[in-house]
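# Overview (structure and organization)
The primary structure of each chain is shown beneath.
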Amino acid sequence: MQHELPVPHGLVRPGAVSLRGVEIAYGSFRVLDRLDLEVAQSEFLVLLGPSGCGKSTLLNAVAGLTEVDAGEIWVGGRNVTWKEPKDRGIAMVFQSYTLYPRMTVRGNMSFGLQVAGIARAEIQRRVREAAAMLRIEDLLDRKPAELSGGQRQRVAIGRALVREAAVCLFDEPLSNLDAQLRTELRTEIKRLHVRLGATMIFVTHDQIEALTLADRIAVMRDRRIQQLGTPTEIYTRPVSRFVATFVGCPAMGFIAGHLVEGRRFKADGLDLSLDGYQALGEMAAGRPVDLGIRPEHITLAPGHPEAIEAPLELVEPMGSDLLAWVRLGTVSLAMRLPAETPLSLGDRLPVMLPASRFNLFDAASGLRI
Amino acid sequence: MSLTASRMLPNNNFVGLRQYATLIDNGRWQVSVVNLALFGVLFLAASLVLGFILAALIDQRVRAESLLRSVFLYPFSMSFIVIGLAWRWLLDPTLGIEKLLHDIGLTGAHFDWLIRPDRVIFTLVLTAVWHASGLVMAIMLAGLRGIDREIWNAARVDGISTWRTLVFIVAPMLRGSFATAFVLLATSVVRLYDLSVATTNGGPGIASELPAKFVMDYLFDRGNIGLAAAAAAAATTMLATVAMVVAPWFYWQTRRSRQAGMA
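This structure is a prediction, so every number in the text was calculated from the model and none was measured.

Quick notes on the rules
- Residues numbered from 1 in each chain as written.
- Chains lettered and ligands numbered in written order.
- Predicted model: local features only at pLDDT ≥ 70, side-chain atom pairs only at ≥ 80, totals over all residues.
- Heavy atoms only, no water.
- Pairing = 2+ DSSP bridges.
- Helix = DSSP H or I, 4+ residues; strand = E, 2+ residues; numbered from the N terminus.
- Core = buried A, V, L, I, M, F, W, Y, C linked by side-chain atoms within 4.5 Å.
- Buried < 20%, exposed > 50% of the residue type's maximum accessible area, 1.4 Å probe, protein only.
- Phe/Tyr/Trp six-rings, centres within 6.5 Å; stacked < 30°, edge-to-face > 60°.
- Lys NZ or Arg CZ within 6 Å of the ring centre and 35° of its normal.
- Contact = heavy atoms within 4.5 Å.
- Buried area = accessible area lost by both parts, 1.4 Å probe.
- Salt bridge = Lys/Arg side-chain N within 4 Å of Asp/Glu carboxyl O.
- Polar contact = N/O pair within 3.5 Å; in protein donor to acceptor, adjacent residues only side chain to side chain.
- Axes fitted to C-alpha atoms, helices over the stretch in contact; angles between N-to-C directions.
- 1 Å grid on protein atoms, 1.4 Å probe; cavity = no way out; pocket = protein on both sides within 12 Å on 5 of 7 lines; lining within 4 Å.
- Points joined across faces, edges and corners; volume = space filled by probe spheres on them.

All names here are of chain A. In the sheet, strand E17 (residues 321–328) pairs with strand E18 (residues 331–338) via eight bridges, with the strands oriented antiparallel. Its bridge partner being in E18, Asp321 is matched across the sheet by Pro338. Counted along the chain from E17 to the antiparallel partner E18, the turn is two residues long, and its residue Gly329 has a positive phi close to 60°.

Quick look at the structure:
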């Protein structure tokens, strides 16, 4: 007699998503190269990258809107590579809201459920709950054209929520909104994630969205994932110059130079000690490298023996703090200082560059050393 | 003019509404009006539906899209006289499709709609639909292309089948395209004359008479200017009535959707 094997509790993860060797090409044009990615149950994963890096294609592949040419996609322990989007246990929110314009908000949220043959009472319950969560109860009888952008995107999120899917996909849902709404809705999405515990995969080109929302970020470039890690890892230990520049605002500053004997870095008019830079293995003296440092890691150290005198070129007040652009050798670097720091243009500031905060990248490959 | 007893030449013998009374009693006129109504409704409905379906099919990114577009639009480039004649030959039982079917051995096949008085008007509808649906398709295709592809994706994720998406989500978004096509087709219904002349010349008997043809016949062939003028006036009045109902409705519809769009 055959029994179905009992599945140990805790092994079935209805929300886990796994991509195994996924390849996608349009004709001879490769969009994704053999890509592997594991997203855990209830994780918030952000796919971050410039346009054309393949992040949206990757999301569409998970949704089933784009067919893969090779590899497999698993959702919740099932191979869904060849399943229709509706059978994958996913819901999706799009950049352009994609509401059905001739239906009311209620109609938008319930039409898919009606088609799926779900009982009327159940549909009403789900719509009510989703509307309450997104605070759109007052809008249920309006048409999309009567709503603001932020409200429309709330409705679109509501339409995804009523599917009660274990995995929620977001394709740049905040890009069409103005700055204030974007921040507001961003917080809202994070709150929903905490509350629902659904797995979320979120595509964006906005590094702030990525840093604020993600449990883990996958930074993509040229059809591949360049770095996969927590926001802190991505921010503090970027694996490449590309990741370093893409994440962080204002961007990391760079000094082009080369390594010299005795664990030092030399550039035009600069000679810095690398004592304290952890990962520096064997030193190939003369190797051309880019030294990167974030604005908040450059400090003022009056009287410190290793402080460098750097002329102040420009000040950009940012409310809570300010950016001071100082000249070091041939480059300008930004440093973040408290807003009340007394500064005047032309001052020579005693600037300190701590080696422990350096990011060294090979000048040729752009990879971290 | 329609109030006079003009025959071959216009005259001023005032007869009041007598010509209109004659007109209403005229069996040929009655057939014409019924035919026009029948033709108009069927032709509009069928062309819009068929054109929309064709556009929807082509919009699913088929191969040879531009070839198909040209093929479907091609009939519209020809005048009703030409296609009328072509279909007349095709549908003539002794020349066209029926003959072909018989020749290849299907002797039981009947394709004699053109010469059956109860079917002939439907044959005209068929011909006109064939003529116009390419135009409708082109208009609808333009409309469909203006719709965000992501709407389709959203519907797919929602589990809404393609035809449901088309009927319940996409078609309502194409209201403007439908209105454009409707107006264009409606004008061709009103001035329908040449198709009937070329295909059947009103026959068999008077089975495919139409008001425009009625007017022309009485005006020129039968030398009855008075009755022709009355018929023309009556036809115009009917159209004006229809227009008076339809136009405000359209106006209201567009205004409503525009208001919704502005909010």
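Having seen the structure, we can now continue with the description.
Another aspect to go through is the nonpolar core. Ranked by size, the top nonpolar core spans 79 residues in total, and within it Leu19(A), Leu47(A), Leu169(A), Phe39(B) and Phe43(B) carry the most contacts. Here this core takes 13 residues from helix H6 (residues 120–145) of chain B, the largest share from any one element. Listed in part, the 47 residues of the second largest apolar core include Ala160(A), Cys168(A), Ile234(A) and Phe246(A).

Right, let's get into helix H2 (residues 105–115) of chain A. All names here are of chain A. Counting buried positions over the eleven residues of H2 gives eight, a clear majority of the element. Along H2, the residues classified as buried are Val105, Gly107, Asn108, Met109, Ser110, Phe111, Gly112 and Leu113. Following H2 by one or two positions, Gly117 adopts a phi angle in the positive range, close to 80°.

To continue, consider the packing of aromatic side chains. How two aromatic rings sit relative to each other is given by the distance of their centres and the angle of their planes. Residue and element names in this part refer to chain A. Evaluation of the coordinates by the stated rule reveals eight aromatic pairs over all chains. Between Phe44 and Phe202, the aromatic rings sit 5.9 Å apart at their centres with planes inclined by 45°, giving tilted as the arrangement. One end of the pair, Phe44, is in strand E3 (residues 44–48); the other, Phe202, is in strand E8 (residues 199–204), and 158 residues separate them in sequence. You'll find Phe44 and Phe202 in the same group, each marked buried. With centroids separated by 5.5 Å and ring planes inclined at 25°, the aromatic side chains of Phe242 and Phe246 adopt a geometry described as stacked. With a gap of four residues between them, Phe242 and Phe246 both fall in helix H8 (residues 241–246), about one helical turn apart. One aromatic cluster is present, built from ring pairs that chain together Phe44, Phe170 and Phe202. A cation over an aromatic ring shows up here: Arg159 above the ring of Tyr100, its NZ or CZ 4.6 Å from the ring centre.

Another aspect to go through is the interface of chain B and chain A. At the junction of the two partners, chain B supplies 21 residues and chain A supplies 26 residues. Both faces combined, the contact of chain B with chain A buries some 2,100 Å², and carbon together with sulfur accounts for 61% of it. Taken as a group, Arg156(B), Val157(B) and Asp158(B) account for 32% of the area that chain B buries against chain A, more than any other trio of residues on that side. If you look at where chain B meets chain A, you find two salt bridges.

Time to look at the side chain of Gln207(A). All names here are of chain A. Along the chain, Gln207 falls in helix H6 (residues 207–213). Here Gln207 falls in the buried class, since its relative accessible area comes to 11%. Within the structure, Gln207 has its side chain in polar contact with the backbone nitrogen of Gly248 (distance 2.8 Å). Those residues in contact with Gln207, other than ones at most four positions away along the chain, are Leu48, Phe246, Val247, Gly248 and Cys249.

This part takes up the pairing of strand E12 (residues 264–267) of chain A. Residues and elements named next belong to chain A. Every second residue of E12 is oriented toward a common face, the buried set being Phe265 and Ala267 and the non-buried set Arg264 and Lys266. Bridge count for strand E11 (residues 253–260) against E12 is three bridges, and the pairing is antiparallel. Bridge assignment links Leu259 to a residue of E12, and that residue is Phe265. Where E12 and strand E13 (residues 270–273) come together, four bridges link them in antiparallel fashion. Opposite Ala267, over in E13, you have Leu270 as the bridge partner. In this structure, the hairpin formed by E12 and E13 is closed by a connection of two residues, where Gly269 is found at a positive phi of approximately 75°.

Our next topic: the sheet that holds strand E6 (residues 90–93) of chain A. Backbone-to-backbone hydrogen bonds join strands into a sheet, with any given pair of strands oriented parallel or antiparallel. Residue and element names in this part refer to chain A. One open sheet holds the six strands; their spatial order is E6-E7-E8-E3-E9-E10, and the pairing between them is mixed. Each end of this open sheet is capped by a strand with a single partner; those strands are E6 and strand E10 (224–229). For this sheet, the mean angle separating the axes of adjacent strands, direction not counted, is 20°. Relative to E8, strand E7 (residues 167–171) runs parallel, the two being bridged by five bridges. Paired with Val167 across the two strands is Thr199, which belongs to E8. Taken strand by strand, helix H1 (residues 55–63) contacts E3, E6, E7, E8 and strand E9 (216–221), and its axis lies near 150° from that of E7.

Below, the discussion takes up empty space enclosed by the protein. One way to see where empty space is left: roll a probe the size of a water molecule over the atoms. Tallied over the entire structure, the rule returns one cavity of 30 Å³ or more. Considered as a void within the structure, the largest cavity measures approximately 50 Å³ in volume. At the level of elements, helix H4 (149–161) of chain A together with helix H7 (149–157) of chain B are the ones that each hand at least two residues to the lining of the largest cavity. Residue contributions to the lining of the largest cavity peak at three residues, all from H4(A).

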